[in-house]
Every structure is written in C-alpha cells, then in structure tokens.
Amino acid sequence: MKKIIITLDGYSSCGKSTLARQLANELNYVFIDSGAMYRAITLYFLRQHVDWRHEKEVHKALGEITLDFQYNDQSGQSDMFLNDENVEALIRDMLVSEHVSEVAALKEVREFAVAQQQQMGVKKGIVMDGRDIGTTVFPKAELKIFVTADPAIRVERRFKELYAKNPSITVEEVKANLEMRDYIDSNREFSPLRRAEDAVELDNTNLTRDEQLAIALQWAKEKIAG
Ligand code: DC
C-alpha cells in the first residue's frame, strides 16, 4: 500500500503528539515528536552552560550532540536519547520548557534538527508533529493537519499533565509558559509556526481523543487511497 507523510502542526499543548502517536499506531507508521529534539538540545545547552547568544558556542555544542529515538518495550513508545542517555522524562521538565522556545528559534539549531527530521521521512510512512513540519520540514507532505484548541483548554490539559509529576506547579505558571512559547514560536525569524496553506484544520476543543482520531484517520485513508 502507498505510504504517505503526515504532518501535525499547532500551538503548544493542543494535543498534537497524542493524535500523531495514535495515528501512527493505527497506520503502522513511525511517529516522531520533533519538539523532543529541540527539548533535548535545550537540556544539553543548560547542562553544559552553553551561552546560546554566541553562535560559536552553539556551533561547538551542536557538534557534540547525537540525537536518536529508541523504542521502549515497556511503554510501547519511542524515547528521546541524547548522546545515548534516555532523557525522555527530563526534557518534559519545566526548566526545559522555559528555555526551549528560545533555543528552537536559533537558525543553526533549526538547521541541525530539520536535516535529521527530513532524513527520517525519506521512506515515508511517518507521522511527525511540531510547529514547522508542514511548512519547512515536509512542504510536500500528502496530509497536513493544523491542530487547534481553545487556549483555556490547553492550559487545563497541560496543567493536569504536569501536576501529576510535580504537585507544586500552579495554573498561572503553566499559562504563562504556554503564552510565552506560543508568542516566541509564532514570531521567530526562522520558520515560525504557521498553518500551511494546504493544511486542514482540526479544532479538538470539544472532541474526545477517539473522535479526533476518527476524523484524522479518515483524512489519512483518503490520501492513502487517492
Ligand atoms: O511540541 P513541544 O511543546 O514539545 O515543543 C517544544 C518547543 O520546541 C516548542 O516551544 C517550540 C519548539 N519546536 C519548534 O520550534 N519546531 C518544531 N518542529 C517542534 C517544536
């Protein structure tokens, strides 16, 4: 059967990764969370005290980084590995969330990540979520989905997710972080978050996970058949 590339872009915490993972499972495709790569790079920069305002430091640090996704038998999902260390849990930390948009706005960081993402799609059969996947990484993807959800719902979902791991977190902190990231992600100079002209929009504010999956799956099947 024909294999296609499916891209999911949208603001922070609108359920892109969940949908992308479910779609990939249903279609037996590879799922790639591109945000995890920017998060792993940010973690490395923070740990090594890289001053990312200086191009030379960024260049040197990127040369020291190897990123890859490895399948985890227990969770049934792929985990992000940074230089052979499983950093899947660490990269979801608030400290990384606070800096990741700044790091992801750097031209050299984007070139580093985008080249690897494009390589992962060479054989197609991939579902990738992020901010610029339909516009920059795979501008020729067969199916592009732009996911949206009401901002209050996004804060609530993200808060629940973070609170489970860290009960001292507040709704205000989560809201401020989402607003800040949405602003930087949409206004940066290099491949800002945009809806690709040929993307279909999926507003999941009032949809259950199963309902949004059914809609996206239908779109994917139509593209695969056509
Ligand atoms: O999807 P996420 O929240 O884990 O992404 C983390 C950050 O990485 C997000 O604030 C913006 C950046 N990002 C990006 O610039 N381009 C992508 N394709 C994916 C994520």
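Residues numbered from 1 in each chain as written. Predicted model: local features only at pLDDT ≥ 70, side-chain atom pairs only at ≥ 80, totals over all residues. Heavy atoms only, no water.

## A short note on the site of the ligand
To keep things clear, this is the line we draw: A cutoff of 4 Å decides nearness: a residue is near a molecule or strand if any of its heavy atoms lies inside that distance of it. Each polar contact in these results corresponds to two N or O atoms within 3.5 Å; when the atoms are within protein, one needs to be able to donate a hydrogen and the other to accept it, and residues that are neighboring in sequence are counted only if both atoms are side-chain atoms. Each accessible area value is a Shrake-Rupley result obtained with a 1.4 Å probe; residue values ignore everything except the protein chains displayed when judging cover. The secondary structure listing takes helices from DSSP runs of H or I that are at least 4 residues long and strands from runs of E that are at least 2 residues long, numbered from the N terminus.
Neighbouring the ligand are 15 residues; R39, R110, D132, R181 and R188 lie closest to it. Between an oxygen atom of the ligand and a side-chain N or O atom of S101, the distance comes to 3.0 Å. Here an oxygen atom of the ligand and a side-chain polar atom of D185 are 3.0 Å apart. Computed on the free molecule, the ligand has an accessible area of 450 Å², of which 96% lies beneath the protein chains in the complex. Counting only elements with at least two residues in the shell around the ligand, the list comes to helix 2 (34-47), helix 4 (94-104) and helix 8 (171-187).

## Things to note about the sheet that holds strand 5 (residues 85-86)
Paired through backbone hydrogen bonds, the strands of a sheet run either parallel or antiparallel to each other. What counts here: Strand pairing is assigned whenever DSSP detects at least two bridges linking the two strands.
Pairing is antiparallel across the open sheet formed by three strands, whose spatial order is 3-4-5. Two strands in the sheet have a free side with no partner beyond their single neighbour: strand 3 (67-72) and strand 5. For strand 3 and strand 4 (residues 77-82), the ladder comprises six bridges, and the chain directions are antiparallel. Bridging across to strand 4, Y71 finds its partner in S78.

## What to know about the packing of helix 2 against helix 5 (residues 107-120)
We count it as follows: Orientation is described by axes fitted as lines to C-alpha atoms, over the contacting stretch for helices, and by angles from 0 to 180 degrees between their N-to-C directions. Note on terminology: angles under 35 degrees are roughly parallel, angles over 145 are roughly antiparallel, angles of 65 to 115 are roughly perpendicular, and the others are oblique. Two helices that cross are described as forming a left-handed crossing if the nearer one is turned anticlockwise from the farther one by less than a right angle, and a right-handed crossing if clockwise. Contact definition: two residues touch when any of their heavy atoms are within 4.5 Å. Each residue gets one of three labels, nonpolar for Ala, Val, Leu, Ile, Met, Phe, Trp, Tyr, Cys and Pro, charged for Asp, Glu, Lys and Arg, and polar for the others, Gly among them.
Viewed as axis vectors pointing N to C, helix 2 and helix 5 meet at an angle of 140°, and their least axial separation amounts to 10 Å. One element, helix 2, and the other, helix 5, form an angle in the oblique class. Here helix 2 runs over helix 5; the crossing is right-handed. From helix 2, S34, M37, Y38, I41 and F45 reach across to helix 5, where they touch V109, R110, F112, A113, V114, Q116, Q117 and M120. A per-class count over the contact of helix 2 with helix 5 returns nine nonpolar, three polar and one charged.

## Re the packing of aromatic side chains
The cut-off we apply is this: Two rings from Phe, Tyr or Trp (for Trp, the six-membered ring) form a pair when their centres sit within 6.5 Å of each other. Planes less than 30 degrees apart are called stacked, planes more than 60 degrees apart edge-to-face, and all others tilted. We count a charge as sitting over a ring when the NZ of a lysine or the CZ of an arginine lies within 6 Å of the ring centre and within 35 degrees of the ring normal.
Under the definition given, this model contains two aromatic pairs. When the centroid spacing of 5.4 Å and the interplanar angle of 35° are considered together, the rings of F159 and Y163 count as tilted. Taken as a pair, F159 and Y163 lie in helix 7 (residues 151-165) at a separation of four residues, close to a single helical turn. The aromatic ring of F190 is capped on one face by K107, whose charged end is 6.0 Å from the ring centroid.

## Here we look at the sheet that holds strand 1 (residues 5-10)
Strand order in the open sheet made by the five strands is 2-6-1-7-8, with parallel pairing throughout. Two strands close off the open sheet at either side, each with one partner strand: strand 2 (30-33) and strand 8 (200-203). On average, adjacent strands in this sheet sit at an angle of 20° to one another, irrespective of strand direction. Relative to strand 7 (residues 143-148), strand 1 runs parallel, the two being bridged by five bridges. Across the sheet, residue T7 finds its bridge partner in strand 7, namely K144.

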